[in-house]
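Summary of structural features
What follows is each chain in one-letter form.
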Amino acid sequence: MNSDKPKTKPPVSSDQPKNGSDQSDYVSQNNIQLPLEAIAAGKAAEEAANRVAEKENMFQVIGDYLLLYGSDEAIWCGSELDGFVAAVACAPKTIMPTTWIPLIWGGDQHAPNWKEEQELSRFSSALFVYYNIVKQDFQARSYEPVFQESDSPEDLQVAEEWCNGFLRGFNLWKELSTENIAQLEHCLHPIRHFSTREDTSTLESKTTAQMLELQASIQPKLDALYQHLFKPVKVGRNDPCPCGSGKKHKKCCGLH
């Protein structure tokens with residue numbers, strides 16, 4: 001005799017994705033189903049935090065040697081160094097270290113007479129690590145300019161030295177296309193306002209609110225410039241391969 005009891009659906013396991021989500025969108029961690037997006041976001045945040053910590057360590061090493069060996073022509077503070085490295089890192093064409101490192105000291109004529117070879121090795125290693133971190137931050141769209149703190153009650157930081165450093169590095173850039181120049185000028189507008197290398201008379205006439213707005217615009221405009229300069233280039237199958245091999249793209253890197 002058949003039972004008249006209604007059939008009940010088996011309970012949904014707590015570790016199954018809900019709302020019709022595909023199982024492939026979830027990853028199990030400690031028996032808890034987490035969306036892949038959450039895992040990726042957490043990993044990105046962890047990597048960013050690690051870069052910040054390592055950047056601060058390298059900052060200290062480089063700063064010690066700048067204080068020890070720097071002349072009046074050298075970059076003198078961490079904020080200026082960060083601006084300089086940022087300009088080098090987002091240059092549309094790679095600037096060789098043999099070109100930009102001497103400018104940290106103010107030119108070859110001001111380069112240190114290192115007491116020990118280990119000092120040069122330690123300084124160079126810290127500098128390259130710092131450069132790579134800044135480059136990675138630009139790629140991850142997480143770069144933040146290192147401004148100096150101030151005693152201003154209006155949260156107005158001191159952007160002057162960072163802007164001076166950026167313009168020092170920018171002077172090494174090669175000639176740009178008309179399209180790139182337009183985007184560049186849009187980015188440089190607030191940087192030139194704060195730099196003492198430029199005319200500061202327009203900055204002196206601005207209110208604190210206007211200066212805060214200008215200062216806050218530096219990071220997003222710099223990010224937009226980097227994304228513009230390094231936007232992906234579509235390569236046709238029959239176009240020359242961008243790797244420089246001389247072969248067609250479909251017979252070179254396009255095979256992979």
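Keep in mind the model is a prediction, meaning the values are calculated, not measured.

All right, on to the overall build of the protein then. Helix and strand counts for the protein come out as eight helices and two strands. Secondary structure of the protein in N-to-C order comes out as β-β-α-α-α-α-α-α-α-α. Per-residue burial for the protein yields a buried fraction of 34% across its 256 residues. Put simply, of all contacts in the protein between residues at least 6 apart along the chain, 65% involve residues at least 24 apart.

Quick look at the packing of helix H2 (residues 78-89) against helix H4 (residues 117-139) now. Relative orientation of the contacting elements H2 and H4 amounts to 65 degrees, with a least axis distance of 9 Å. Along this stretch, H2 crosses H4, giving a crossing that reads as right-handed. Contacts between H2 and H4 involve Leu-81, Asp-82, Val-85, Ala-86, Val-88 and Ala-89 on the former and, on the latter, Leu-127, Tyr-130, Tyr-131, Val-134, Lys-135 and Phe-138.

Their axes nearest at 8 Å, the elements helix H5 (residues 160-170) and helix H6 (residues 178-194) cross at an angle of 135 degrees. By the angle between their axes, H5 is oblique relative to H6. The hand of the H5/H6 crossing is left-handed. Contact residues: H5 offers Glu-160, Trp-162, Cys-163, Phe-166, Leu-167 and Phe-170, while H6 offers Leu-184, Leu-188, Ile-191, Arg-192 and Phe-194. Across the contact of H5 with H6, the residue classes tally to nine nonpolar, no polar and two charged.

Now for H4. Between its first and last C-alpha atoms H4 spans 33 Å; for 23 residues at 1.5 Å apiece the expected length is 33 Å, and the two agree. For H4, the complete set of buried residues consists of Glu-119, Phe-123, Ala-126, Leu-127, Tyr-130, Tyr-131, Ile-133, Val-134, Lys-135, Asp-137 and Phe-138. The first or second residue beyond H4 is Arg-141, which carries a positive phi of 60 degrees.

Here we take up the side chain of Asp-137. By the element assignment, Asp-137 lies in helix H4. Setting aside its immediate chain neighbours within four residues, Asp-137 contacts Arg-51, Lys-55, Ser-142 and Tyr-143.

What follows covers the nonpolar core. By size, the foremost hydrophobic cluster in this structure holds 51 residues, and its most contacted members are Trp-100, Phe-138, Trp-162, Phe-166, Trp-173 and Ile-191. Residue assignment for this core shows that the elements contributing at least two residues are helix H1 (36-69), H2, helix H3 (97-104), H4, H5, H6 and helix H8 (208-229).

So, about the side chain of Arg-168. Among the secondary structure elements, Arg-168 is positioned in helix H5. Using a relative accessible area of 12% as the deciding quantity, one classes Arg-168 as buried. Among the polar contacts made by the side chain of Arg-168, one reaches the main-chain carbonyl oxygen of Leu-103 at a distance of 2.8 Å.

Moving on to the pattern of salt bridges. This model, assessed by the stated rule, comprises four salt bridges. The residue Asp-82 makes a salt bridge to Lys-55 at a minimum N-O spacing of 3.2 Å. Residue Asp-82 is located in helix H2, and its partner Lys-55 is located in helix H1; the two are separated by 27 residues in the primary sequence. The pair formed by Asp-82 and Lys-55 is uniform in burial state, with each residue classed as buried. For Glu-80, the salt bridge identified is with Arg-168, shortest N-O distance 3.4 Å. Taken as a pair, Glu-80 in helix H2 and Arg-168 in helix H5 lie far apart in primary sequence, 88 residues in all. Relative accessible area serves as the criterion here: at 3%, Glu-80 is assigned to the buried category.

The next thing to look at is the packing of aromatic side chains. Within this structure, the stated rule accounts for 15 aromatic pairs. Centre to centre, the rings of Phe-59 and Tyr-130 are 5.4 Å apart; their planes meet at 10 degrees, and the pair counts as stacked. Of this pair, Phe-59 sits in helix H1 while Tyr-130 is found in helix H4, placing the two residues 71 residues apart along the sequence. On the basis of relative accessible area, Phe-59 is assigned to the partly exposed category, the value being 24%. Three or more aromatic residues joined by ring pairs form one cluster here, namely Tyr-65, Tyr-69, Trp-105, Trp-114 and Phe-123.

Once that is clear, we can look at the confidence of the model for the protein. Within the protein, residue pLDDT values average 80, and 73% of them lie at 70 or more. Looking at the elements of the protein, mean pLDDT is at its lowest for strand E1 (residues 26-29), recorded as 51, and at its highest for H2, recorded as 96. Between residues 9-18, whose pLDDT stays under 50, and residues either more than four places distant or in other chains, the model counts seven contacts.

Reading guide: rules and limits
- Residues numbered from 1 in each chain as written.
- Predicted model: local features only at pLDDT ≥ 70, side-chain atom pairs only at ≥ 80, totals over all residues.
- Heavy atoms only, no water.
- Helix = DSSP H or I, 4+ residues; strand = E, 2+ residues; numbered from the N terminus.
- Buried < 20%, exposed > 50% of the residue type's maximum accessible area, 1.4 Å probe, protein only.
- Contact = heavy atoms within 4.5 Å.
- Axes fitted to C-alpha atoms, helices over the stretch in contact; angles between N-to-C directions.
- Left-handed = near helix turned anticlockwise from the far one by under 90°.
- Parallel < 35°, antiparallel > 145°, perpendicular 65-115°, else oblique.
- Nonpolar A, V, L, I, M, F, W, Y, C, P; charged D, E, K, R; others polar.
- Expected span 1.5 Å × (residues − 1).
- Core = buried A, V, L, I, M, F, W, Y, C linked by side-chain atoms within 4.5 Å.
- Polar contact = N/O pair within 3.5 Å; in protein donor to acceptor, adjacent residues only side chain to side chain.
- Salt bridge = Lys/Arg side-chain N within 4 Å of Asp/Glu carboxyl O.
- Phe/Tyr/Trp six-rings, centres within 6.5 Å; stacked < 30°, edge-to-face > 60°.
- pLDDT = per-residue confidence, 0-100.

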